[in-house]
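Okay, here's what each chain looks like letter by letter:
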Amino acid sequence: MAGKITEAGFGDLTSFTEMPRISSLALSPDGTRLVTVVATLSPDGKAWQGALWEVDPAGERPARRLTRGAKGESAPAFTPDGAVLFLSARPDQEAKPADRDSKDKAALWLLPPVGEARELCRPAGGVSEFAVARDAGTVLLASGAHPGATFGERDAEHRKAREDAGVTAILHESYPVRYWDADLGPSFPRLLATTSPVGVDRDRVDPSSELVDLTPDAAARLDDSPAISPDGRWVVRTEGVVVSAAYGQRVRLRLTSTDGATDRVLAELDGHSFLQPVFLPDSSGVIAVRAFDSTEDLPWTNTLVRVDLESGAVEELAADFAEEPDHPVVSPAGDAVYFTSSHRGHQPIWKLDLASGSVVKLTASGAYTDVRVSPDGASVYALRSAWDHPPQPVRLSSSGVDQVAVPLPAPGAVESVPGTLTEVETVVEDGRTVRAWLVLPNGASAEQPAPMLLWVHGGPVMSWSGWSWRWNPWLMAARGYAVLLPDPALSTGYGYDFVRAGWGSWGGKPYTDLMAITDVVERRDDIDDSRTAAMGGSFGGYMANWIATQTDRFKAIVTHASLWHLDAFTGTTDDSYYWIREMGDPLRQQDSVRANSPHLRVADVKTPMLVIHGDKDYRVPIGEGQRLYFDLVRHGVPAKFLYFPSENHWILTPGNAKVWYETIFAFLAEHVLGEPWRRPELI
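Residues numbered from 1 in each chain as written. Predicted model: local features only at pLDDT ≥ 70, side-chain atom pairs only at ≥ 80, totals over all residues. Heavy atoms only, no water.

Notes on the pattern of salt bridges
- Tallied over the full model, the rule gives 41 salt bridges.
- Residue R372 is joined to D370 by a salt bridge in which the shortest nitrogen-to-oxygen separation is 3.9 Å.
- Two residues, D631 and R627, come together in a salt bridge whose shortest N-O distance is 3.0 Å. In this pair, D631 and R627 both sit in helix 10 (residues 622–634), four residues apart, roughly one turn of the helix.
- For D631, a relative accessible area of 1% corresponds to the buried category.
- Owing to a relative accessible area of 33%, R627 belongs among the partly exposed residues under this scheme. (Salt bridge = Lys/Arg side-chain N within 4 Å of Asp/Glu carboxyl O. Helix = DSSP H or I, 4+ residues; strand = E, 2+ residues; numbered from the N terminus. Buried < 20%, exposed > 50% of the residue type's maximum accessible area, 1.4 Å probe, protein only.)

And the structure:
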């Protein structure tokens, strides 16, 4: 598994499915150990299963596997004394049979530096996430409990009573009611703090006596991951506040002491939300992202702020930074903040010096996540991906600029891909420069021009900046296709005005940008402009539908999890508030629906279409795909509907992911390459 992956692995879906997938990164307090999660196929091939692996920060030793749980492991974090905490639903062999009722729920586990992992805490609602106080060693965890029920035994009794009575009903008294692929309720996450440190010598945490319930009245999902102060005294969490029935919520910060004695609002501002809080090393305050809440006229925008714990004073940081700062990390000395943002098809790590206010870009290329800073502040570790390599642990200097990251030995390294990666750009009518990644298959030339796929990203406020397992262009390149990955209006990484150019007008400049960059690529002599197709998912699926109503230049269109009937979508998506803040209330701003809803233009669709949708998709509900398919059929458009009853906005299980790709390959081969239709074997 730790061997190099070559381009041959992309020509076979089974080989691609078996590639190791890395996520999460934890750094030990002394800086000598890195732990990551490596997901591989489960023995039955029906799921990807995570395991903890140790990576050498010096890059000298090969990575080694630490865990082998039958249910997998995730979310590693170190305690002050060097133990690794993680989440797993694996059974606890030491538990009494009567204590195994919540065996399918994730528990908090501890792996000491030497010895076997042991279960620390498995409440009836499981553990959904946790954080460790860097100095104190106490732990903050989130676990579901029913409103009105005391956490612990009373909640467990309530669950059993519902199960025994056959009750699955959920009564909602607030909005939203769903989130991505999950119903909200009947239980909601409580935040709980341990009363004493957790570490190597700890055997168990008793939920009934050693956890302080900090949110006993919780009746909503967590808006963001909470933070616990290094000294273990404080928790800062996000809390939604209803603004109006039409425009939904803003998010404020709330400060709670871990003994439950103090609870107050820390930061709140009309028209803004506070997100992603992280503590300063001395526990005196937090760094957070303050987001301007979008309106029909203006998109959201992020700013870094420092919030003082005692006074609540909010200080804006890096006010002149042109992009959208995200995921702040404070240096151990408290003198710098590291963060990421989109930037021209990349997602660099930036360093903000808190004394001078200067911001420098540490990385030259790639997309970075899970930033970790060494205890001495000299090194930065992260997971780096790019369009030619999946996520991989890397090391950087904290003082460098535009660095090439040093890769650290870990499973899943890619040695070669079946083609080349380049960039293209064009200046559009309003003077903006639209750029894109272009994947070219091996052998593409003037003598053998390649058929081309236009792939439109989701979001829409995002960009094509890093590796994707679900939309992987190298699988297409291995089959001879060129793949164009453009960032049209609404994409991040090109400044606020670039997003604003498409705000509330998805069928306007985003569409014309896509056609302009497609024109540029089709003029290349290594591209066959007579054999092109378009694809997209989510917002990209909307754009695929919109493209189908505007032009017949493409031989085929694939649309996944796509918006079709904007009026109906407004009330059925899980996040109607966000949608209304951009497009307006369809009862009062009907012009927006008329201008942007592709369903009104179905009579203009001539291009064969493959519609793909998952039944558990609550962000873009299944009704959008059903209505789209029916509208195409009744208007005589050649169409197929690939339906996944058990999948959501993303196709996440290995078998269904393979069928997803196989069906797309077959559909494109029929309509773009002129080959006979070949129905995938297992559908």
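Now that the structure has been shown, we can carry on.
Notes on the nonpolar core
- In this structure, L454, L484 and L632 are the most contacted members of the largest nonpolar core, which totals 50 residues.
- In contact with L484, not counting residues within four places along its chain, are V424, A436, W437, L438, M452, L453, L454, W455, I517, T518 and V521.
- One finds M19, W469, A477 and F667 within the second-largest nonpolar core, a separate group that totals 40 residues. (Core = buried A, V, L, I, M, F, W, Y, C linked by side-chain atoms within 4.5 Å. Contact = heavy atoms within 4.5 Å.)

Some points on the pairing of strand 37 (residues 609–614)
- Within strand 37, six of the six residues are buried, leaving the element largely enclosed by the surrounding structure.
- With burial as the criterion, each face of strand 37 is covered, one bearing M609, V611 and H613 and the other bearing L610, I612 and G614.
- In the sheet, strand 36 (residues 556–560) pairs with strand 37 via four bridges, with the strands oriented parallel. When the bridges of strand 37 are listed, T559 appears paired with V611.
- As paired elements, strand 37 and strand 38 (residues 639–644) share six bridges and run parallel to each other. Of the residues in strand 38, the one forming a bridge with G614 is F644.
- A crossover links strand 37 with its parallel partner strand 38, the connecting element being helix 10, and its sense is right-handed. (Pairing = 2+ DSSP bridges. Right-handed = clockwise from strand over helix to strand, strands pointing away.)

Thoughts on the packing of aromatic side chains
- This model, assessed by the stated rule, comprises 26 aromatic pairs.
- Ring centres of F539 and Y542 lie 6.4 Å apart, and the angle between their planes is 15°; on these two criteria the pair is classed as stacked. Highlighted residues: F539 and Y542, both in helix 6 (residues 539–550), separated by three residues, approximately one helical turn.
- Relative accessible area serves as the criterion here: at 0%, Y542 is assigned to the buried category.
- Measuring from ring centre to ring centre gives 4.9 Å for W660 and Y661, while their planes differ by 90°; the resulting arrangement is edge-to-face. Both residues of the pair, W660 and Y661, count as buried.
- By way of ring pairs, the aromatic residues F10, F16, W455, W467, W469, W471, W660, Y661 and F665 are connected into one cluster.
- One Lys or Arg, R21, reaches over the ring of W48 and ends 3.9 Å from the middle of that ring.
- Lying over the aromatic face of W437, R435 brings its terminal NZ or CZ to 4.8 Å of the ring centre. (Phe/Tyr/Trp six-rings, centres within 6.5 Å; stacked < 30°, edge-to-face > 60°. Lys NZ or Arg CZ within 6 Å of the ring centre and 35° of its normal.)

Digging into the sheet that holds strand 5 (residues 74–78)
- Read across the sheet, four strands follow the order 5-6-7-8 without closing on themselves; strand pairing throughout is antiparallel. Single-partner strands in this sheet number two, and they are strand 5 and strand 8 (118–121). The sheet shows a mean angle of 35° between the axes of neighbouring strands, direction not considered.
- In the sheet, strand 5 pairs with strand 6 (residues 84–88) via three bridges, with the strands oriented antiparallel. Residue A77 lies in a different strand from strand 6, and its bridge partner there is L85. (Axes fitted to C-alpha atoms, helices over the stretch in contact; angles between N-to-C directions.)

Quick notes on the pairing of strand 23 (residues 326–330)
- Pairing of strand 23 with strand 24 (residues 336–340) involves three bridges; the strand directions are antiparallel. Bridge pairing links V329 to Y338 in strand 24.
- Counting the residues that bridge the hairpin from strand 23 to strand 24 gives five residues, and of these G334 lies at a positive phi of roughly 75°.

So yeah, pure geometry; function would need other evidence.
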